[in-house]
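Secondary and tertiary structure notes
What follows is each chain in one-letter form.
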Amino acid sequence: MFPEWKNWRHVVKLDPDKPADEWLIEQVIASGTDAIIVGGTQNITREKVLKLFKLLKPYKLPKILEVSTIGSITFGFDGYLIPVVLNAGDPKWIIGAHKEAVKLAGDLMEWDEVLPEGYIILNPECAAFKLTEARHPLSEQDILAYARCGENLFSLPLIYLEYSGTFGEPELVSQIKSGLTKAKVFYGGGIDNAQKAETMSKVADTIIVGNMIYTESIKNLKDTVKATR
Ligand code: 1GP
């Protein structure tokens, strides 16, 4: 079963393409975060995913793999997040890559370990934006319409507003959240201190922190968790 996720307030996303050691993982665990997502866009290989998995294995915290390429699917995680990029310009990222993965691994998959997520990528500078040829610029009405399509047409349980690498607009996140009825809102991008964590956790259900783990801002990690409580 995919772990109980609806009450997660703070999640750390670890990028397999970035250096990680026991010390780093200990910092993440000690922060009190609710779960760990392993995921990234560039240069993701099974070896790198496995290396992170081994470092995480001793800990009880939910360990989730966000699947970005077929080649990196690794069994043993507590759950699998599957991004559906709602504003992708290349339809491969809405359904094509998924179909190929299921063609290969469909018979082996435990579907109750899988949770789909409706991504809306909003930072034109980030790698995922370029890869998926995401549509841009989008008005607030466009973004809300994508989110509502994800929620109501595709029955996606969560909408992920992805600003990876830059801090987004809390007002916009708030508008999207209030325009949805069932789907949870995940926010990720540019959080590196308690104040930003607090701002976004007031308007989103769950905040995701990524890059700060790999910078000296890691010293603020515990405070970003506290800010969501
Ligand atoms: C990336 O949303 C996450 O997928 C977190 O973004 O790396 O900017 O914290 P940052």
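Numbers given to residues run from 1 along each chain, matching the order in which its sequence is written. For a predicted model such as this one, the threshold for reporting local features is a pLDDT of at least 70, and the threshold for listing and counting side-chain atom pairs is 80 or more; totals across whole chains, interfaces and linings nevertheless cover every residue. Just so you know, side-chain values use all the structure's heavy atoms and leave hydrogens and water out.

1. Observations concerning unusual backbone geometry
- Following His136, the chain continues into Pro137 via a peptide bond in cis, with omega recorded as -5 degrees.
- Helix and strand assignments come from DSSP, with helices taken as H or I runs of at least 4 residues and strands as E runs of at least 2, each series counted from the N terminus. By secondary structure assignment, the location of Pro137 is in the loop between helix 4 (127-132) and helix 5 (140-153).
- One non-glycine residue, Glu133, adopts positive backbone phi at about 50 degrees.
- Looking at the secondary structure, you find Glu133 in the loop between helix 4 and helix 5.

2. So, the sheet that holds strand 8 (residues 206-209)
- Taken in spatial order, the 8 strands close into a barrel running 1-2-3-4-5-6-7-8, and their pairing is parallel. Adjacent strand axes in the sheet meet at a mean angle of 30 degrees, parallel and antiparallel pairs treated alike.
- Two strands pair under a simple rule: DSSP has to find at least two bridges between them. Note: strand 5 (residues 114-121) against strand 6 (residues 158-162), 4 bridges, orientation parallel. Looking at strand 6, one finds that Ile120 is bridged to Leu161. Interaxial angle, 0 to 180 degrees, is taken between N-to-C directions of lines fitted to C-alpha atoms, where a helix line uses only the stretch in contact.

3. Looking at the site of the ligand
- What makes a residue near a molecule or strand is one non-hydrogen atom of that residue sitting within 4 Å of it. Around the ligand, the neighbouring residues are Lys13, Tyr160, Glu162, Ser164, Gly165, Gly188, Gly189, Gly190, Ile208, Val209, Gly210 and Asn211.
- Polar contacts here mean pairs of N or O atoms no more than 3.5 Å apart (in protein, one a potential hydrogen donor and the other a potential acceptor; neighbouring residues in sequence count only if both atoms are side-chain atoms). Contacts to the ligand include Tyr160, whose side-chain N or O atom sits 2.7 Å from an oxygen atom.
- With respect to the ligand, the backbone of Gly210 contributes an N or O atom lying 2.9 Å from an oxygen atom.
- A total of 310 Å² of accessible area belongs to the ligand in isolation, and the protein chains cover 90% of it.
- Residues are sorted three ways: Asp, Glu, Lys and Arg are charged, Ala, Val, Leu, Ile, Met, Phe, Trp, Tyr, Cys and Pro are nonpolar, and all the rest, Gly among them, are polar. Its residues assigned to classes, the shell around the ligand comprises 3 nonpolar, 7 polar and 2 charged. Accessible areas in this description were obtained via Shrake-Rupley with a 1.4 Å probe; residue shielding takes into account the shown protein chains only.

4. Topic: the environment of Ile143
- By the secondary structure assignment, Ile143 is in helix 5.
- Between the C-alpha atom of Ile143 and that of Asn87, which follows or precedes it by 56 residues, the distance is 8.5 Å.

5. Quick look at the nonpolar core
- Ranked by size, the top nonpolar core spans 50 residues in total, and within it Leu14, Ile120, Leu161 and Ile213 carry the most contacts.
- For this analysis, a nonpolar core means a set of buried residues of the types Ala, Val, Leu, Ile, Met, Phe, Trp, Tyr and Cys, connected via side-chain atoms within 4.5 Å. The buried label goes to any residue with under 20% of its type's maximum accessible area, the exposed label to any with over 50%, and the partly exposed label to all in between, with areas taken from a 1.4 Å probe on protein chains only. Grouped together as the second largest cluster of nonpolar side chains are 23 residues, Ile64, Leu81, Ala88 and Phe129 included.

6. Considering the pattern of salt bridges
- By convention in these notes, a salt bridge is any Lys or Arg side-chain nitrogen within 4 Å of a carboxyl oxygen on Asp or Glu. Per the counting criterion, the structure on display carries 9 salt bridges.
- Ionic pairing is found between Arg229 and Asp34, a salt bridge with its closest N-O pair at 3.0 Å. Of the two residues, Arg229 is situated in the segment after helix 8 (221-226) and Asp34 in the loop between helix 1 (22-30) and strand 2 (35-38); the sequence distance between them amounts to 195 residues.
- Residue Arg229 is classed as exposed on the basis of its relative accessible area, which comes to 53%.
- Given a relative accessible area of 18%, Asp34 falls into the buried group.
- Here Lys202 ties to Glu198 by a salt bridge, and the two come within 3.3 Å at their closest N and O atoms. Taken as a pair, Lys202 and Glu198 lie in helix 7 (residues 194-203) at a separation of 4 residues, close to a single helical turn.
- Here Glu198 falls in the partly exposed class, since its relative accessible area comes to 36%.
- Put simply, Lys13, Glu66 and Glu162 are held in one network by salt bridges that share partners.

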